[in-house]
Amino acid sequence: MTARFLPFILAACAAAAVHAAPAPFDLAGPNLDVGVTRAGKTLPISEVPNLTGGDDLRVKAELPRTQSAHYLLVVAFLSGSTNPPPADWFVRCGTWTRKCARGGLNVTVPADAQQVLVFLAPQTGGDFKTLVGAVRGRPGAFVRTAQDLNQAALDRSRLAKYLTTIQALNDADPTKLKAVAPLLARSLAISVDPKCLDRLPELQAPCLMAGQESLILQDGHSTSIVEALTTGAARDLALQASYTPQLSFGYYSPYIASVLDIARIFDSFHTARYQYIPALASQRGDHLALALNTPPSFHDPKSVLVAALPAVERAQLPPLHAVHPKESYCASTDPLVLPVEGAPLVFATAYAHDMYLALTGAGGKTLELPARADATQGGFVVDTAALGAANLGDRVRGVLHGSWGFDPYEGPEFKLVNAHAATLQLEPQDAGALIVGREDTVRLRADSASCIDRVMLRDQNGKETKVDWKPGKPGEVEIKLPLADAKPGALTLLVSRYGAGKPQPVALQAFSAAGRLDGFTLYAGDTSGVLKGSRLDEIAALSIHGVEFVPKDWSSGKAGEELTMVGSDPGAAAALRETKRVGAQVKLKDGRTFDLATSVLAPRPHVTLIGKSVQLSAADAASNIALTDPDELPQDAQLIFSVRVSAPHAFGRGASIDVATIDGSAAASLSLDNGGMTLENAHVAVAALDPERSLGPSAFGPLQYRVTTDGVTGDWQPLAALVRLAVLKDLECPATAAIACKLSGANLFLVDSLDEDPSFRHPVAVPDGFPGTVLPVPHPGTGSLYVKLRDDPAVINRVALAARELPATPDDAALAQSRHAATQTP
């Protein structure tokens, strides 16, 4: 702030110290009856925002018949702060005379005039000459007085409208304040503390009316005292707390500033005989009700009342605009409310009068409907009663028209629709988002939310419930649905509209809460992938680039649920190429679909078995079981096998080969670090497996292997059949072949069955859990004995143990003969 403003600031601070709490204008003064005639048309002063050169004024002081003090009524015209007005711009009459009491003053506004003041001065000798001299001597001070009085009057009109409306609502129904106060504040440009609306209804009105003068905001139409005094950088005088660039929103409101400035000006005119006191005018039809903040004095210094009439200037039409310019309004609503803002004087004064909404419909048909400003509803209220008989079509254009004082006024434009033309459509993103067990919200696309009268919700049992709704964005309606106790299934919204017949149904589908989708893992070349998340039992299908995957195996663990999904077309699934980011569509069993971001990973590692060999131990030879299948691996033997990698292109240092039983009960990892795997080169690895040490003594059955690279595993592939061998020690056979032999040994429970015939036509089965050391077995005769192992019963192996024949005894012949006879018995 520059130094050139310092004297002004100091003066303002001094004045503020003296007038920190200016006296309220609560003393009733006299009334003025004012009429204005222009081009043969007469309007009451309450409907005239500005005067113009050539206007005929009728000004009369309305004093009581018992008025004892004589007042001189003076109308003075001013022409700027640096141009003293000529003497003939002052017109007077004595209010005590019959002519003045009946007709007042009739004057014509001079062509060059800019301001009009009305004085009521006590009758004294030289009173008129003294007044004219004061005005002509310091015209700038009285120009400022006229400006400030007009500004204060306009600000006070907004404040009075706000306070009287709040008080009336509080007396009638305090519960309406929360809904009406924001609309009222927007219309009148009044500052409202939102915390007031959170209080109990009975406490809202006192809070809303607290700090009355500081409630007034810049109206964007009339000029505040701050703007009138300064330009450019001097707007910093607004205490750096501006609501708009032209408004002091700090300690002073425009209203307080105007009052303080008037007081400072009039203090400078204080003489021994006269003091000037301001009279604030409230417009009521033809009348200006004057309010004083200082009691008039009829002793020296006598009081001269000063009131201002509207400025002589070009009409400043109100900058009114629609709150929602893109919204379409329902023409069938009665009454129809068109929200507007930007010109609070439209709501606080009668300057805008004879307003109507001009409608233009199909084929150029027109209709005019009466309209009135209503601050409690936040806009113009239009009477649509005459619209029923008119056929303007489905879509109508409406423009506000009327008069601003004597001047024609054209306001904002509005789009209107008839109720029968409105369409309702559920927002696509809300179609699958309606969840039971909670209050939920859906949005409808609507040509006009204003046409909606009521919304009902019908459940599966036909029960109808009224639901809350409100307009959302233009062309959208938000509807709250109470679904805390609802069940999943079909629901129906029944939307009733003004001017329409039956409610319009809108089908909805309520769902249970969907599970969580954490991700889908798929490797290029695979025909199946794994979906992770929760409530995966609700999944019906998943598709990537049109390739469908369906559920197969579901599992659950501490880390969550996993669902293996296989391609409906394995060839198409395997043909999906590696992609860093791809969109998958997940379909639930209830019909909902969800998008899931995923990727097709690089192919999983894959190796091919080159060869293998089994290194038997001494214990294997001592078992006396000759294995006939090279895939069988004795538990205490060593398996050496080699593999060639095809994906990735080479083995990494972190690669390993996993070996496990089919059921996964035993597993081992062979790696470079533990010595279980050795690289021949980057593409071939040789692995060594000691089953008993790596898998444990109870491991048995088919073994499988896979390669793991960087934490990614390949497919399991068959490796060998791990078998545990019983130890066969001795085979004793009698001389007679009809008598069974005795097979002795250890761990005979590992034998499944034995037979002397390799085709196993008459096997001898070993009982489960056999604890003995001797088994009766068929006599091999001159051949061998054959055995099936319990760990691999599909393979027939040979017993590498020669029969030891015992000497014949008399009992052997008798036993053989009895067995032969038993076989011959029919």
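Read on for an overview of the structure. Computed from a predicted structure; not experimentally measured. (Residues numbered from 1 in each chain as written. Predicted model: local features only at pLDDT ≥ 70, side-chain atom pairs only at ≥ 80, totals over all residues. Heavy atoms only, no water.)

## What to know about helix 5 (residues 177–188)
For the α-helix, the turn length of 3.6 residues means that residues three or four positions removed from each other point alike. The condition is simple: Secondary structure is summarised from DSSP: a helix means a run of H or I of at least four residues, a strand means a run of E of at least two, and numbering begins at the N terminus for each. Multiplying 1.5 Å by the helix residue count minus one yields the expected span of that helix. Only protein chains enter the area calculation, which uses a 1.4 Å probe; residues under 20% of their type maximum are buried, those over 50% are exposed, and those in between are partly exposed. To obtain the arc, one takes the directions from the helix axis to the C-beta atoms.
Along its 12 residues, helix 5 runs 15 Å from first to last C-alpha, staying within 8% of the 16 Å computed at 1.5 Å per residue. Every buried residue of helix 5 is listed here: Leu-177, Val-180, Ala-181, Leu-184, Ala-185, Ser-187 and Leu-188. The buried residues of helix 5 occupy an angular sector of 160 degrees when projected down its axis, which confines them to one face. Phi for Ala-189, located one or two positions after helix 5, is positive at around 55 degrees.

## Some points on the environment of Phe-298
The cut-off we apply is this: Note on contacts: a residue pair qualifies if any of its non-hydrogen atoms lie within 4.5 Å across the two residues.
Within the secondary structure, Phe-298 is located in the loop between strand 9 (287–292) and strand 10 (302–309). On the basis of relative accessibility, which here comes to 42%, the residue Phe-298 falls in the partly exposed class. Separated by 229 residues in the primary sequence, Phe-298 and Ala-69 have C-alpha atoms spaced 8.1 Å apart. Other than its neighbours up to four places away in sequence, Phe-298 contacts Ala-69 and Tyr-71.

## Considerations on the state of the cysteines
Basically, it comes down to this: Note on disulfides: each one is a pair of cysteine sulfur atoms within 2.5 Å.
Using the criterion set out here, one finds 2 disulfides in the structure. Across the disulfide from Cys-93 sits Cys-100; the S-S distance is 2.0 Å.

## Remarks on the sheet that holds strand 46 (residues 741–746)
Keep this limit in mind: For two strands to be treated as a pair, DSSP must find at least two bridges joining them.
What the 4 strands build is an open sheet, ordered 49-46-45-52; its pairing is mixed. Looking at strand neighbours, the two that pair on one side only are strand 49 (774–777) and strand 52 (804–805), the edges of this open sheet. In the sheet, strand 45 (residues 727–733) pairs with strand 52 via 2 bridges, with the strands oriented parallel. Within strand 52, the position partnered with Glu-732 by the bridge is Arg-804.

## Points about the side chain of Ser-496
If you trace the backbone, Ser-496 turns up in strand 25 (residues 489–497). Overall, Ser-496 belongs to the buried group, its relative accessible area being 13%. Those residues within four positions of Ser-496 in sequence are excluded, and the remaining contacts are Cys-451, Ile-452, Asp-453, Arg-454 and Pro-503.

## Focus: the sheet that holds strand 23 (residues 469–471)
The condition that has to hold: Between N-to-C directions, angles cover 0 to 180 degrees, with each direction set by a line fitted to C-alpha atoms, over the stretch in contact for helices.
Ordered in space as 19-20-24-23, the 4 strands form an open sheet in which the pairing is antiparallel. Edge strands, defined here as strands with exactly one partner in the open sheet, are strand 19 (424–426) and strand 23. Taking each pair of neighbouring strands and ignoring which way they run, the sheet shows an average axis angle of 30 degrees. As paired strands, strand 20 (residues 439–446) and strand 24 (residues 476–482) are joined by 7 bridges and run antiparallel to one another.

Worth remembering: the numbers are spatial, not functional.
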